[in-house]
Amino acid sequence: MKVIIRNDSKGASVWAAHYIARKINEKAAVSDKPFVIGLCTGSTPIETYEELIRMVKAGEVSFKNVISFNMDEYVGLPVEHPESYHSFMYKYLFNHIDEPEENIHILNGNAPDLKAECENYEKAIVEAGGIDLFFGGIGEDGHIAFNEPFSSLQSRTRVMTLTYDTRVVNSRFFDNDVNKVPKQALSVGVATVLSAQEVLILALGSKKARAVAESIEGPYSHYCTVSSLQAHPAGIIVCDDLAAGELKVNSYRYFKAVEEAEGE
Ligand code: PGA
């Protein structure tokens, strides 16, 4: 696992955006096949999306041949609700870039048959050629997508019941009323994320410090599902200094030394 530590959230987010753009451009240079990306929502990716939008407008990268799959969506929240992940993605990214509408995939949390919706999502990922790069955040409890503690590390896209803790954390988007936060979501599984060629996790702020330390230094465990990245051949965690704050001094020094040696 590679860990990149930047001084602040802007530095970490710009690093993530440039990494994503570089990967899109590298594939486009050698292949006509689309670049398939997994995308996330939440507070974390906003600055990364801002930088990607800037890069698209500056002609530094294009999403014309990119196919995207979002990680998750609430169950039962109308698509047009401002806090649906559909709304989020269009507001913060899709309305401002050149990705064709038909290339955008977001789980439908209002589908009449949620199980079929999840199975079809997995099939669509395979049909697209598999995910090249999964870009995600990390929950305060170490979840990846909505794979809450004790989710199977072999899990695939399915209906998840959200923990009370996650609903409390997300209630900031729902008038601080935990009762307004949906109790369930559709989410890609841990194995769906790990099946990507590369996984890039962004962690910002001191609230994520414990989860970051557990993911990197803790055991490989369903208790903290991001720790599953330890078994991925190409996993990267990018954090700002605050999110790296609970790492052991020696771990911190080690990752900084690797960054310096590799010129990241
Ligand atoms: P956040 O959520 O970016 O809003 O902190 C991340 C997550 O829960 O995965």
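Our subject is the structure that appears above.
This report concerns the structure included in the present document.

1. Digging into the side chain of N147
Working step 1: As for its placement among the helices and strands, N147 is situated in the loop between strand 6 (133-136) and strand 7 (158-161).
Working step 2: For N147, a relative accessible area of 0% puts it in the buried group.
Working step 3: Within the structure, the side chain of N147 is placed 3.0 Å from the backbone oxygen of V188, a separation counted as a polar contact.
Working step 4: If near-sequence neighbours (up to four positions away) are discounted, N147 is found in contact with S155, R158, M160, S187, V188, G189, V190 and T225.

2. Observations concerning the pairing of strand 1 (residues 2-6)
Working step 1: In terms of burial, strand 1 is a largely internal element, 4 of the 5 residues being buried.
Working step 2: Inspection of the sheet shows strand 1 paired to strand 10 (residues 235-240) by 5 bridges, in the parallel sense. Counted as the bridge partner of R6 is D240 from strand 10.

3. Section: the site of the ligand
Working step 1: The environment of the ligand is formed by G42, S43, T44, G137, I138, G139, H143, R172 and K208.
Working step 2: Between T44 and the ligand, the recorded distance is 2.4 Å, taken from a side-chain N or O atom to an oxygen atom.
Working step 3: In the model, an oxygen atom of the ligand is placed 2.9 Å from a nitrogen or oxygen of the R172 side chain.
Working step 4: Here the ligand loses 83% of its free accessible area of 280 Å² to cover by the protein chains.
Working step 5: A breakdown of the residues in the shell around the ligand according to their chemical character gives 1 nonpolar, 6 polar and 2 charged.

4. Describing the sheet that holds strand 4 (residues 72-74)
Working step 1: Taken in spatial order, the 3 strands of this open sheet run 4-8-7, and their pairing is antiparallel. Each edge of the open sheet carries a strand with a single partner, namely strand 4 and strand 7. Here the strands of the sheet are splayed against their neighbours by 30° on average, with no regard to which way each runs.
Working step 2: One ladder, built from 3 bridges, connects strand 4 with strand 8 (residues 184-187); its direction is antiparallel. For E73, the partnering residue across the bridge sits in strand 8 and is L186.

5. Thoughts on the state of the cysteines
Note: disulfide means a covalent bond formed between the sulfur atoms of two cysteine side chains.
Working step 1: By the definition in use, this model includes 0 disulfides.
Working step 2: The thiol of C224 is unpaired, and the distance to the nearest cysteine sulfur, on C239, comes to 13 Å.
Working step 3: The buried category is assigned to C224, whose relative accessible area is 3%.

6. A look at the nonpolar core
Working step 1: With 75 residues, the main nonpolar core has Y49, F135, L200 and C239 as its most contacted residues.
Working step 2: Ignoring any residue separated from it by four or fewer positions in sequence, one finds F135 in contact with A16, I20, G38, L39, C40, P45, T48, Y49, M71, L200 and L202.
Working step 3: Within the second largest apolar cluster, 8 residues are counted, among which are L77, F146, L162 and A185.

7. Side note on the packing of aromatic side chains
Working step 1: Tallied over the entire structure, the rule returns 11 aromatic pairs.
Working step 2: When the ring of Y74 is compared with that of Y85, the centres are 4.8 Å apart and the planes differ by 40°; the resulting orientation is tilted. Here Y74 is found in strand 4, whereas its partner Y85 is found in helix 3 (residues 85-92), with 11 residues between them in sequence.
Working step 3: A ring pair is formed by F150 and Y223, whose centres lie 5.6 Å apart and whose planes are at 50°; its orientation type is tilted. Taken as a pair, F150 in the loop between strand 6 and strand 7 and Y223 in the loop between helix 7 (209-217) and strand 10 lie far apart in primary sequence, 73 residues in all.
Working step 4: Assessed through its relative accessible area of 56%, F150 is described here as exposed.
Working step 5: Assessed through its relative accessible area of 44%, Y223 is described here as partly exposed.
Working step 6: Site record: aromatic cluster; members linked through ring pairs are Y74, Y85, F146 and F174.

About the criteria used
Residues numbered from 1 in each chain as written. Predicted model: local features only at pLDDT ≥ 70, side-chain atom pairs only at ≥ 80, totals over all residues. Heavy atoms only, no water. Helix = DSSP H or I, 4+ residues; strand = E, 2+ residues; numbered from the N terminus. Buried < 20%, exposed > 50% of the residue type's maximum accessible area, 1.4 Å probe, protein only. Polar contact = N/O pair within 3.5 Å; in protein donor to acceptor, adjacent residues only side chain to side chain. Contact = heavy atoms within 4.5 Å. Pairing = 2+ DSSP bridges. Near = heavy atom within 4 Å. Areas by Shrake-Rupley, 256 points an atom, 1.4 Å probe, with all protein chains shown as cover. Nonpolar A, V, L, I, M, F, W, Y, C, P; charged D, E, K, R; others polar. Axes fitted to C-alpha atoms, helices over the stretch in contact; angles between N-to-C directions. Disulfide = S-S within 2.5 Å. Core = buried A, V, L, I, M, F, W, Y, C linked by side-chain atoms within 4.5 Å. Phe/Tyr/Trp six-rings, centres within 6.5 Å; stacked < 30°, edge-to-face > 60°.

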